[in-house]
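Here is how the chains run, residue by residue.
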Amino acid sequence: MAYQNQYRQPQYNNAPADQGFLWNIFQRVDKDRSGAISDTELQQALSNGTWTPFNPVTVRSIIAMFDRDNKGGVNFNEFAGVWKYITDWQNIFRTYDRDNSGFIDKTELKQALTGFGEQSYRLSDQFYNTLIEKFDRQRKGQVAFDDFIQCCIVLQRLTDVFRRYDTDQDGWIQVSYEQYLSMVFNIV
Amino acid sequence: MSYPGYAGGYGGAPPGAPGYAGFPGQQQDPLFGYFSGVAGQDGQISAEELQTCLTQAQFSGGYKPFNLETCRLMINMLDRDMSCTMGFNEFKELWSVLNGWKQHFMSIDRDHSGTVDPQEMQQAMASMGYRLSPQAMNCVVKRYSTHGKITFDDYVACCVRLRSLTDLFRRRDQAGQGVASFQYDDFIQCTMSS
């Protein structure tokens, strides 16, 4: 399965993938021909650049994002969204993996995440250490593709919820105990 | 402001409780037997050793032994020195906290099936004093259930997580008012590392 290779460059970079091409892939990934791609099937189809299985938590996050009726998988229509999502992440990852190591190290991560530090959200050096510590399943001190996606998903969700409470946008929130639990418990 | 899980029933030893170092009775403490059996020279146990320890002490009783990830969460919950290991004092604290949770779980799991349903899980959380929003509660139930049921292991993982987050929040609530302030960087970091 070749998500990670440049096996066929799309003709126009921003054109949506050809339906026939997508259907081909869908059929190959949907091994039990159930008409929906499950977590397991998607996991088997994806590569993180190592010989270890793609992060199951990331797989779950992605399927959940596109599975509109909670069936625990994605049908062909939903799969188009999954495909684009993963392709976009691949492009981002390749952009920031400047030394082409297949991993994003702390320096590259800092550049990739500058969007999160905008306005008054200043980020300490320790911040990046914590992220890598939390998401780097390969234990290399750098993040592989699947862990990078998971890191960004969680960071985005936490940032979104933080922003909702930071009404004056000064980078500080004040919350009650119950608000705090409700904010974070389902994200991390 | 009294935080759930710290007074009476489901809490562990109150903060500042005297340690057991040098206490003459320590050697006879049956828990110490289990502990030192796995701990080795440094008197610390890792997540794997904790799993062994709890299994040998037959903590889970009729329930399945804890999975490794839950043991990691338990170590993390009490890991004050960030060593990813646990000493005997923490182990004793963990034991007493776990027992409280186990009693509570058993009181809900009336048919001794080793699982509870989502409704019962919600009631369990509420009766422990946790008041989460309905959406948060839904997410909790979804995340910790397998085939619509919550096992003892998952229930414990959930309690551990709640306790870690509560600890974290308490440390920032200096005035004990049930309110805390977070800067963005700090918010992300401490939430990620809980």
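Worth saying up front: this structure is predicted, and the values here are computed from it rather than measured.

Quick notes on the rules
- Residues numbered from 1 in each chain as written.
- Chains lettered and ligands numbered in written order.
- Predicted model: local features only at pLDDT ≥ 70, side-chain atom pairs only at ≥ 80, totals over all residues.
- Heavy atoms only, no water.
- Contact = heavy atoms within 4.5 Å.
- Buried area = accessible area lost by both parts, 1.4 Å probe.
- Salt bridge = Lys/Arg side-chain N within 4 Å of Asp/Glu carboxyl O.
- Polar contact = N/O pair within 3.5 Å; in protein donor to acceptor, adjacent residues only side chain to side chain.
- Helix = DSSP H or I, 4+ residues; strand = E, 2+ residues; numbered from the N terminus.
- Nonpolar A, V, L, I, M, F, W, Y, C, P; charged D, E, K, R; others polar.
- Pairing = 2+ DSSP bridges.
- UniProt positions renumbered as here; feature names shortened; annotations may be inferred.
- Axes fitted to C-alpha atoms, helices over the stretch in contact; angles between N-to-C directions.
- Parallel < 35°, antiparallel > 145°, perpendicular 65-115°, else oblique.
- Left-handed = near helix turned anticlockwise from the far one by under 90°.

A. Examining the interface of chain B and chain A more closely. If you look at the interface, chain B gives 34 residues, while chain A gives 34 residues. Carbon and sulfur atoms supply 67% of the area that chain B and chain A bury against each other, a total of about 3100 Å² over both sides. If you sort the residues of chain B by the area they bury against chain A, Tyr184, Phe187 and Met192 of chain B come out on top, with a joint share of 27%. Taken together, the links from chain B to chain A amount to one salt bridge. For Glu178 of chain A, the salt bridge is made with Arg131 of chain B, and the minimal N-O distance between the two is 3.5 Å. Between the two partners, chain B and chain A, sit 12 residue pairs in polar contact (both at pLDDT 80 or more). When residues of the side of chain B that touches chain A are traced back to their parent elements, those giving at least two are α6 (134-144), α7 (152-172), β3 (179-183) and α8 (184-193) of chain B. In the side of chain B that touches chain A, the residues fall into 22 nonpolar, seven polar and five charged. Bridge count for strand β3 (residues 172-176) of chain A against β3 of chain B is five bridges, and the pairing is antiparallel. By the bridge assignment for β3 of chain B, Trp172 of chain A is matched with Gln183 of chain B.

B. Main features of the UniProt feature "domain: EF-hand" (unreviewed entry) in chain B. On the UniProt side, "domain: EF-hand" (unreviewed entry) is annotated at positions that read residues 96-131 of chain B here. Counted over residues 96-131 of chain B, helix gives 64% and strand 6%. Its end C-alpha atoms are 23 Å apart.

C. Local environment of the UniProt feature "domain: EF-hand" (unreviewed entry) in chain A. The sites that UniProt annotates as "domain: EF-hand" (unreviewed entry) are residues 17-52, 84-119 and 153-188 of chain A. Here residues 17-52 of chain A is 50% helix and 6% strand, with 28 Å between the C-alpha atoms at its ends.

D. Geometry of the packing of helix α6 (residues 125-135) of chain A against helix α7 (residues 145-165) of chain A. All names here are of chain A. For the pair α6 and α7, interaxial distance at closest approach is 10 Å and the crossing angle is 120°. When the interaxial angle is binned, α6 and α7 end up oblique. Crossing hand, α6 versus α7: right-handed. Taken together, the residues of α7 that come into contact with α6 (itself represented by Phe127, Leu131 and Phe135) are Asp147, Gln150, Cys151, Val154 and Leu155. Along the lines of polarity and charge, the residues of the contact of α6 with α7 split into six nonpolar, one polar and one charged.

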